[in-house]
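# Chain and residue survey
The chain contents come next:
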Amino acid sequence: MPETPDDLDRLTAAQQALVPSFGLGFLKVTVPESVRHSVAEHFRRVLPHGRPEARNSYLLPSMPGATPSLLLEDPAFNQGILDALHPIHEEWAGMKLRGTSCYGIRVYLRGSYLYNHVDVMQTHVISSTMCVDHELSSPWPLYIEDLDGRPHEVVMSPGEMVFYESARLRHGRPYPLDGEFYAGMFVHYAPLDWPYAEQPLP
């Protein structure tokens, strides 16, 4: 795990030099209605049971000592979402994929920010980030660079998601959250016979 922003930038650049692009970039779409409804109901049900997420070097609070995020983890529910969203990720990617991870629901709290980074290249290759719900005073967009390294800010409403080449495109939310919370969920897939599945980290 990188210890500083400089470490993270160095590791990100090394991975981008290694991992090939599929020419897909990123795309904002609407979450399928059945999945959107299921996730929204689940969020309302489990929110009271959220626990502070373990600290890491990617996700930090603006104020020392503050809690940057809560984690609402339910492995069985998450597996169902990973399975349900599998076909549309294969359709977008134009290839067969294997599901590798569904993470969250993560509830970012006031003042938290997420350093720009790329995801785990062994498993998080074709991914999406889903907006579950939010209570914001101002937009908190997803920062993402396209295949040519140009920056974009993508504002997401509840029920929207962004497909992206997560092991390749630098992304994050590098500005403090202005509001009460932003709840997101993340699903990750890798191509079958992905040559970097066993590759050591840069």
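Structural data are supplied above this passage.
Residues numbered from 1 in each chain as written. Predicted model: local features only at pLDDT ≥ 70, side-chain atom pairs only at ≥ 80, totals over all residues. Heavy atoms only, no water.

Our next topic: the environment of Tyr196. Tracing the backbone through its elements, the reader meets Tyr196 in the segment after strand S12 (179-191). Residue Tyr196 is classed as buried on the basis of its relative accessible area of 17%. Considered as a pair, Tyr196 and Val19 are 177 residues apart in the sequence and their alpha carbons are 8.1 Å apart. In contact with Tyr196, other than residues within four places in its own chain, are Leu18, Pro20, Met121 and Gln122. Side-chain polar atoms of Tyr196 contact the backbone oxygen of Leu18, separated by 3.3 Å. (Helix = DSSP H or I, 4+ residues; strand = E, 2+ residues; numbered from the N terminus. Buried < 20%, exposed > 50% of the residue type's maximum accessible area, 1.4 Å probe, protein only. Contact = heavy atoms within 4.5 Å. Polar contact = N/O pair within 3.5 Å; in protein donor to acceptor, adjacent residues only side chain to side chain.)

Taken in spatial order, the 7 strands of this open sheet run S1-S10-S7-S12-S5-S4-S2, and their pairing is antiparallel. Edge positions in the sheet fall to strand S1 (26-30) and strand S2 (51-52), since each of these pairs with one other strand and no more. As judged from the 5 bridges shared by strand S7 (residues 126-136) and strand S10 (residues 160-165), these two strands associate in the antiparallel manner. Bridge pairing links Ser128 to Phe163 in S10. Along the sheet, helix H2 (residues 33-46) makes contact with strand S5 (97-109), S7 and S12, crossing S7 at roughly 50°. Sheet strands touched by helix H3 (residues 75-93): S1, S5, S7, S10 and S12. Its angle to S5, the strand with the most contacts, is close to 115°. (Pairing = 2+ DSSP bridges. Axes fitted to C-alpha atoms, helices over the stretch in contact; angles between N-to-C directions.)

So, on to the sheet that holds strand S11 (residues 171-173). Reading across the sheet, the 5 strands line up as S3-S6-S11-S8-S9 and stay open at both edges, with antiparallel pairing between neighbours. Strands at the two margins of the open sheet, each flanked by one partner only, are strand S3 (59-61) and strand S9 (151-154). Ignoring strand direction, the axes of neighbouring strands in this sheet form an average angle of 25°. By the bridge criterion, 3 bridges tie S3 to strand S6 (residues 112-117) in an arrangement that is antiparallel. Looking at the pairing, Leu59 lines up with Leu114 of S6.

In this section: the nonpolar core. Residues Val39, Ile81, Ile105, Val107, Met130 and Met185 are the most contacted members of the largest nonpolar core, which totals 35 residues. Contacts of Ile105, omitting those with residues within four sequence positions, involve Val39, His42, Phe43, Leu70, Leu71, Leu72, Val132, Ala183, Gly184 and Met185. (Core = buried A, V, L, I, M, F, W, Y, C linked by side-chain atoms within 4.5 Å.)

Since there are 3.6 residues in each turn of an α-helix, residues three or four apart along the chain are aligned in direction. For H2, which comprises 14 residues, the first-to-last C-alpha distance of 20 Å matches the rise-based estimate of 20 Å (1.5 Å per residue) to within 8%. Those residues of H2 not exposed but buried are Val35, Val39, Ala40, His42, Phe43 and Val46. Looking straight down H2, one finds that the buried residues subtend no more than 165° of arc, so they occupy a single side. Exposed positions of H2 whose direction lies more than 90 degrees from the buried face are Glu33, Ser34, Arg44 and Arg45. Where the residues of H2 are buried, they touch H3, S5, S7 and S12. (Expected span 1.5 Å × (residues − 1). Arc of directions from axis to C-beta.)

Counted according to the given criterion, the structure contains 8 aromatic pairs. Taken together, a centroid distance of 5.6 Å and an interplanar angle of 90° make the contact between Tyr113 and Tyr115 edge-to-face. Sitting above the plane of the Tyr182 ring, Arg173 keeps its charged end 4.4 Å from the centroid. (Phe/Tyr/Trp six-rings, centres within 6.5 Å; stacked < 30°, edge-to-face > 60°. Lys NZ or Arg CZ within 6 Å of the ring centre and 35° of its normal.)

The interhelical angle for the contact between H2 and H3, taken along N-to-C directions, is 165°, at an axis separation of 11 Å. As the angle between them shows, H2 and H3 are arranged roughly antiparallel. Note on packing geometry: the crossing formed by H2 with H3 is left-handed. Listed contacts from H3 to Val35, Ser38, Val39 and His42 of H2 are Phe77, Ile81, Ala84 and Leu85. Split into classes, the residues belonging to the contact of H2 with H3 amount to 6 nonpolar, 2 polar and no charged. (Parallel < 35°, antiparallel > 145°, perpendicular 65-115°, else oblique. Left-handed = near helix turned anticlockwise from the far one by under 90°. Nonpolar A, V, L, I, M, F, W, Y, C, P; charged D, E, K, R; others polar.)

Before going further, it helps to examine the pattern of salt bridges. When the charged atoms of two side chains with opposite charge come close together, those side chains can pair. Across all of its chains, the model carries 10 salt bridges by this definition. Between Lys96 and Glu90 there is a salt bridge; the shortest N-O distance is 3.9 Å. The class for Lys96 is exposed, based on a relative accessible area of 57%. Given a relative accessible area of 17%, Glu90 falls into the buried group. Because the salt bridges share partners, they merge into one network encompassing Asp9, Glu145 and Arg170. (Salt bridge = Lys/Arg side-chain N within 4 Å of Asp/Glu carboxyl O.)

These results come straight from atomic positions and should not be treated as a statement about function.
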